[in-house]
Amino acid sequence: MTPETAWVLALLAVCVVCFVLNRPRMDVVALAALTLLVLGGTLTLPEALAGFSEPGVILIALFFVIGEALARTGIAYRVGDWLVARAGGREARLLALLMAATAALGSVMSSTAVVAIFVPVALRVAQRAGSAPGRLMMPLAFAGLLSGMLTLVGTPPNLVVQAELQRRGHEGFGFFDFTPMGAVLLVLGIGYMLVARRWLAAREAPRGGGGEGRRRRLRELAADYGLLDRTRRLRVPAASPAVGRTLGELELRARHGANVIAIERERGLGPAVVDTSAHQQILPGDVLLADFAAPDGALQAQRVVEAMGFTELPFRRDYFSRLSREIGLAELLVPPGAAVIGQSILELRMRSQRGINVIGLRRGGRLVDEDPLHTKLKMGDTLLVAGAWKDIRGLAGAARDFVVLTLPAELDDVAPAASRAPLALAVLAATVALMVSGLVPNVVAALLGCLAMGAVRCIDAESAYRAIHWQSLMLIVGMLPFAVALQKTGGITWLVDVMLAATGEASPRAALAGLFVLTALVGLFVSNTATAVLMAPIGLGLADRLGCAPEPFAMMVALAASAAFMTPVSSPVNTLVLGPGRYRFVDFVKIGVPFTAVVGVVCVLLLPVLFPF
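The name given to the protein chain in an unreviewed UniProt entry is Di/tricarboxylate transporter, with Rubrivivax gelatinosus as the source organism. One UniProt comment on the protein chain, placed under Subcellular location (unreviewed entry), says "Membrane".

As structure tokens, this is what we get:
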């Protein structure tokens, strides 16, 4: 070993120790190491800064943006609602669907973001089914990790090994080259978790406290104003005289006392809620959500059903919670000096001017149920309003007339560009098609996808910049030059000799097995991205020494780096489910270690078949 090799290896060891301790931050460590490699004369400045122009790094950044656009349009939330409907309360079916959906979404967007979205979905379903959250949380995390094995852009380690392959002059992987291997592992993962879930401790989640800082939820607001006892769901049959007419023409509120809060209309994955403006046309199959606030509301509801030929449907008391991403509620206070004082709710014309409905009035802490529509407003009155979330947010600009008292907790989960979900899916499909076709480089295809997402307003520039995980990018940029430094100083040759000595110059499959074990062990202590950066040059050097094709060794590094199943701190995905699942450290060891071994064995057996030596 030369002094130059010892210097680079020592610096690499210091980086690993800092990564394990997480002090200082990993991106700071990587950039400091890059600087030291230049100051020590190991790398030239262009070699050290080459990572900033690396196509793989740019591609990772672009897919952070595309993934954020998918989140902002609510696609993942809609898939979650679809899962709830399809599972039918059966835990095994839910587990399989949950893992499959998480993996599918995670293959084109951040797995951490997908798991974060699905955690509340899984908790809700577990509560409905009466099962322990822990029986779903770990399968959810495992699916998030497996999602990175499905496509080239599924996780940064795939792009790291792709960049190393291309730097060495190889063609690299196609978009779906990971899919056969990843699909096999996903199926195995689902089957494994269907069996292993019985060993997950069925601990109850702590009961949520009603602390003073807790924000009220939609159902609580609706109950405070008596809305849950007055609301009816009315289906419009094809023969109804309401079909083809607008809400303004029907005058349901003036003639029948029916305040239409929302209109459900079947679209795609399930019912969508359309606006209730006066120009909205009623279509066959629409379901009207109507509030009958008058004391004789039940009688009024019966009359409108008879007059319009509507069919009354069951109204569940969790209705507003189930459609919380479509319908918003807010509580408003009439402040001193407001221009609305002395006007009735009908005179406010809130629906035509602000796009929202006033559906409740409280005065002096008591609900006004005697002709609230014609009651003149006074200072201190509170109103409950309903409408689309974008209109609810717009109430912040009405400070002269109203003070927004309560915005429910569900507001945090609302997709701000939900109406553009079809456009986001179309852009994603076009981006993937361009990458698969090879008509343009992958980076150009992803850049076109980002620009298209912005053009159709699935994401704005500010959100796009916030979506990029700069710490991850700087980590990759700082660590990539280590591959060049190790190659220049003979460090890769030395490390490969060590590995071959450990495996006894055995067959390529034995070398693959050793590479998986070493990569998985390194991944216990550092992030999967850093693991891939460290191990990719070693894996490719091992392939060169054995005279084998580089592809199976490169993919083994990527897959092993993503196989972070063994501890709750191996990946942010695992950490996300640790609390909701009420897991202990040993739970991940007990379930994750055997599955990691299964993944390793399958990779060693199948990779040479898919990518011959």
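There's more to say after this.
### Side note on the overall build of the protein chain
Along the backbone of the protein chain there are 30 helices and 10 strands. Per-residue burial over the protein chain gives 54% buried out of 613 residues. Total accessible area on the protein chain stands at roughly 25,900 Å², and carbon and sulfur atoms take up 61% of it.

### A look at the pairing of strand β6 (residues 328–333)
When you tally the buried positions in β6, you get 5 out of 6 residues, the bulk of the element. Note: β6 against strand β9 (residues 382–387), 6 bridges, orientation antiparallel. Across the sheet, L329 pairs through a bridge with A386, a residue of β9.

### Quick word on the pairing of strand β7 (residues 356–363)
Among the 8 residues of β7, 7 are classified as buried, and the element is accordingly described as predominantly covered. Sheet analysis places β7 next to β9, joined by 6 bridges and oriented antiparallel. Counterpart to R362 in the pairing with β9 is T382. Pairing of β7 with strand β8 (residues 366–367) involves 2 bridges; the strand directions are antiparallel. Bridge assignment links R362 to a residue of β8, and that residue is L367.

### Brief notes about the packing of aromatic side chains
Tallied over the entire structure, the rule returns 8 aromatic pairs. Considering the side-chain rings of F553 and F613, the 6.0 Å spacing of their centres and the 50° angle between planes classify their relative orientation as tilted. Here F553 is found in helix α28 (residues 550–562), whereas its partner F613 is found in the segment after α30 (585–610), with 60 residues between them in sequence. Members of the aromatic cluster, each reached through a chain of ring pairs, are F142, Y192, F565 and F595. Taking NZ or CZ as reference, R362 lies 5.5 Å from the ring centre of Y225, over its face.

### A closer look at the environment of A330
Its place among the elements puts A330 in strand β6. Considered as a pair, A330 and G387 are 57 residues apart in the sequence and their alpha carbons are 8.9 Å apart. Beyond its immediate chain neighbours, meaning those up to four positions away, A330 contacts L383, L384, V385, I392, L395, T406 and L407.

### Some words on helix α27 (residues 528–546)
The first and last C-alpha atoms of α27 sit 26 Å apart over 19 residues, in line with the 27 Å expected at 1.5 Å per residue. Counting buried positions along α27 gives 15 out of 19 residues, so the element sits mostly inside the fold. G547 sits one or two positions beyond α27 and adopts a positive phi of about 70°.

### Quick look at the sheet that holds β7
With antiparallel pairing, 5 strands are arranged side by side in an open sheet as β8-β7-β9-β6-β10. Looking along the sheet, the strands with just one partner apiece sit at the ends: β8 and β10 (403–406).

### Observations concerning the nonpolar core
Residues F142, F173, M193, M453, M479, F482 and F565 are the most contacted members of the largest nonpolar core, which totals 139 residues. Sorting elements by how many residues they give to this core places helix α4 (residues 55–72) first, with 11 residues. In this structure, L227, L228, L329 and I392 belong to the second largest nonpolar core, which totals 39 residues.

### Topic: the packing of α27 against α28
Where α27 meets α28, the axes come as close as 8 Å, and the angle between the chain directions of the two elements is 155°. In terms of orientation, α27 lies roughly antiparallel with respect to α28. As for the relative orientation of α27 and α28, their crossing is right-handed in sense. Packed against α27, whose contacting residues are N528, T531, A532, M535, A536, G539, L540, L542, A543 and L546, the element α28 presents P550, F553, A554, V557 and A561 at the interface. The residue makeup of the contact of α27 with α28, split by class, is 12 nonpolar, 3 polar and no charged.

### Thoughts on a nonpolar patch on the surface
On the surface, a nonpolar cluster with roughly 340 Å² of combined accessible area is contributed by V444, L447, L448 and L451. Relative to the helices and strands, L447 resides in helix α21 (residues 442–455).

### A look at the packing of α4 against helix α23 (residues 470–479)
Axis separation between α4 and α23 bottoms out at 10 Å; the angle between their running directions is 175°. With respect to α23, the element α4 is oriented roughly antiparallel. Across from V57, I60 and A61 in α4, the residues of α23 making contact are L473, I476 and V477. Classifying every residue of the contact of α4 with α23 gives 6 nonpolar, no polar and no charged.

### Describing unusual backbone geometry
The backbone of R349 sits at a positive phi, close to 50°, despite the residue not being glycine. Relative to the assigned elements, R349 resides in the loop between α17 (345–348) and α18 (350–354). On the accessibility criterion, R349 (52% relative accessible area) is exposed. Its identity as a non-glycine residue notwithstanding, R457 has a phi of 65°, on the positive side. Relative to the assigned elements, R457 resides in the loop between α21 and α22 (461–467).

### With respect to the pattern of salt bridges
Inspection of the entire model under this criterion finds 13 salt bridges. Note that R168 is salt-bridged to E164, the shortest N-O span being 3.0 Å. Across the pair R233 and E264 runs a salt bridge whose closest N-O atoms are separated by 3.1 Å. Of this pair, R233 sits in strand β1 (residues 231–235) while E264 sits in strand β2 (residues 259–267), and the two are 31 residues apart along the sequence.

Cut-offs applied
Residues numbered from 1 in each chain as written. Predicted model: local features only at pLDDT ≥ 70, side-chain atom pairs only at ≥ 80, totals over all residues. Heavy atoms only, no water. UniProt positions renumbered as here; feature names shortened; annotations may be inferred. Helix = DSSP H or I, 4+ residues; strand = E, 2+ residues; numbered from the N terminus. Buried < 20%, exposed > 50% of the residue type's maximum accessible area, 1.4 Å probe, protein only. Areas by Shrake-Rupley, 256 points an atom, 1.4 Å probe, with all protein chains shown as cover. Pairing = 2+ DSSP bridges. Phe/Tyr/Trp six-rings, centres within 6.5 Å; stacked < 30°, edge-to-face > 60°. Lys NZ or Arg CZ within 6 Å of the ring centre and 35° of its normal. Contact = heavy atoms within 4.5 Å. Expected span 1.5 Å × (residues − 1). Core = buried A, V, L, I, M, F, W, Y, C linked by side-chain atoms within 4.5 Å. Axes fitted to C-alpha atoms, helices over the stretch in contact; angles between N-to-C directions. Parallel < 35°, antiparallel > 145°, perpendicular 65-115°, else oblique. Left-handed = near helix turned anticlockwise from the far one by under 90°. Nonpolar A, V, L, I, M, F, W, Y, C, P; charged D, E, K, R; others polar. Patch = residues over 30% accessible without salt bridge, like charges linked within 9 Å, V, L, I, M, F, W, Y side chains within 5 Å. Salt bridge = Lys/Arg side-chain N within 4 Å of Asp/Glu carboxyl O.

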